[in-house]
Amino acid sequence: GMLSKALLTKNLEFAVDLCLKQNRFADALILSMQGGPELFQSTQQKYFSKCASEEDAELPLIEAVVSNNWSYVIDRCDVEKNWCESLVAALTYKGGNIQEGTVTTPELELLCSTLGSRLLEVGHLNAKHQALLCFICAGRIENVVKCWLDTRNQTGSTTSDIQALQDLV
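Enquirer: Describe the packing of aromatic side chains, and please don't skip the residues or the numbers.
Expert: Both the distance between ring centres and the angle between the ring planes are used here to describe each pair of aromatic rings. Applying the stated criterion to the full structure yields three aromatic pairs. Each ring, one from Trp 70 and one from Tyr 93, has its centre 4.7 Å from the other, and the planes form 25°; the classification is stacked. Here Trp 70, found in the loop between α5 (59-67) and α6 (71-76), pairs with Tyr 93, found in helix α7 (residues 79-94); they are 23 residues apart in sequence, far enough to count as distant. Here the aromatic residues Phe 25, Tyr 47 and Phe 48 are joined through ring pairs into a cluster of three or more.

Dropping the structure here:
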């Protein structure tokens, strides 16, 4: 058939397109690797856009791993249900290298800060506690203190300011 002819004439782009039209994604990806990095990346993008219409909860995670674009996950996750998984993904894929002595990266700080801000928008006390953890991971001390003060005011804590400051530290 047409796929055989495309392969025999080394028309890999056409062969990949045929495979994608027939939902032969593995074949398309394997063939595109032989056609160079541009064909491989374009095939990945076609795969993700074709599969995006399906209800696949893991597809955004797979795409983030492949494209190394975690801001997509942080910006679009259901923050009330999946904030913890999103934070774990950011720490896992964008954290520093302990062996090299780095714990954080600028991208990790931005992702954690964005997630914390999204949690603050939810508004309830539990989300503010979760945002506090995100800001700690981001290393954003100003946000940590502001968020902590807000949670302290909502709980109606009566401990002394000195004791409360010691608890924060």
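Enquirer: Go over the nonpolar core with me, naming the residues and quoting the values.
Expert: Counting 24 residues, the largest nonpolar core has Trp 70, Trp 83, Leu 87, Leu 115, Leu 119 and Cys 134 as the members making the most contacts within it. Put simply, the parts of the chain that give this core at least two residues each are α6, α7, α8 (106-122), α9 (125-138) and α10 (141-155). Per-element accounting of this core gives the leading share, six residues, to α9. Counting 15 residues, the second largest nonpolar core, distinct from the first, contains Leu 18, Cys 19, Leu 20 and Leu 39.

Enquirer: Explain the packing of helix α2 (residues 12-21) against helix α4 (residues 37-51) to me, and be specific about the residues and the numbers.
Expert: Interaxial distance between α2 and α4 falls to 11 Å at its minimum, and their mutual angle equals 15°. Of the possible angle classes, the one that applies to α2 and α4 is roughly parallel. Along this stretch, α2 crosses α4, giving a crossing that reads as right-handed. Seen from α2, the contacting residues are Leu 12, Glu 13, Val 16, Asp 17, Leu 20 and Lys 21; seen from α4, they are Leu 39, Thr 43, Lys 46 and Lys 50. Taken together, the residues that form the contact of α2 with α4 break down as four nonpolar, one polar and five charged.

Enquirer: Provide a residue-level description of the environment of Asp 17, including the pertinent values.
Expert: By secondary structure assignment, the location of Asp 17 is in helix α2. When its relative accessible area of 28% is taken as the criterion, Asp 17 is described as partly exposed.

About the thresholds
- Residues numbered from 1 in each chain as written.
- Predicted model: local features only at pLDDT ≥ 70, side-chain atom pairs only at ≥ 80, totals over all residues.
- Heavy atoms only, no water.
- Phe/Tyr/Trp six-rings, centres within 6.5 Å; stacked < 30°, edge-to-face > 60°.
- Helix = DSSP H or I, 4+ residues; strand = E, 2+ residues; numbered from the N terminus.
- Core = buried A, V, L, I, M, F, W, Y, C linked by side-chain atoms within 4.5 Å.
- Buried < 20%, exposed > 50% of the residue type's maximum accessible area, 1.4 Å probe, protein only.
- Axes fitted to C-alpha atoms, helices over the stretch in contact; angles between N-to-C directions.
- Parallel < 35°, antiparallel > 145°, perpendicular 65-115°, else oblique.
- Left-handed = near helix turned anticlockwise from the far one by under 90°.
- Contact = heavy atoms within 4.5 Å.
- Nonpolar A, V, L, I, M, F, W, Y, C, P; charged D, E, K, R; others polar.

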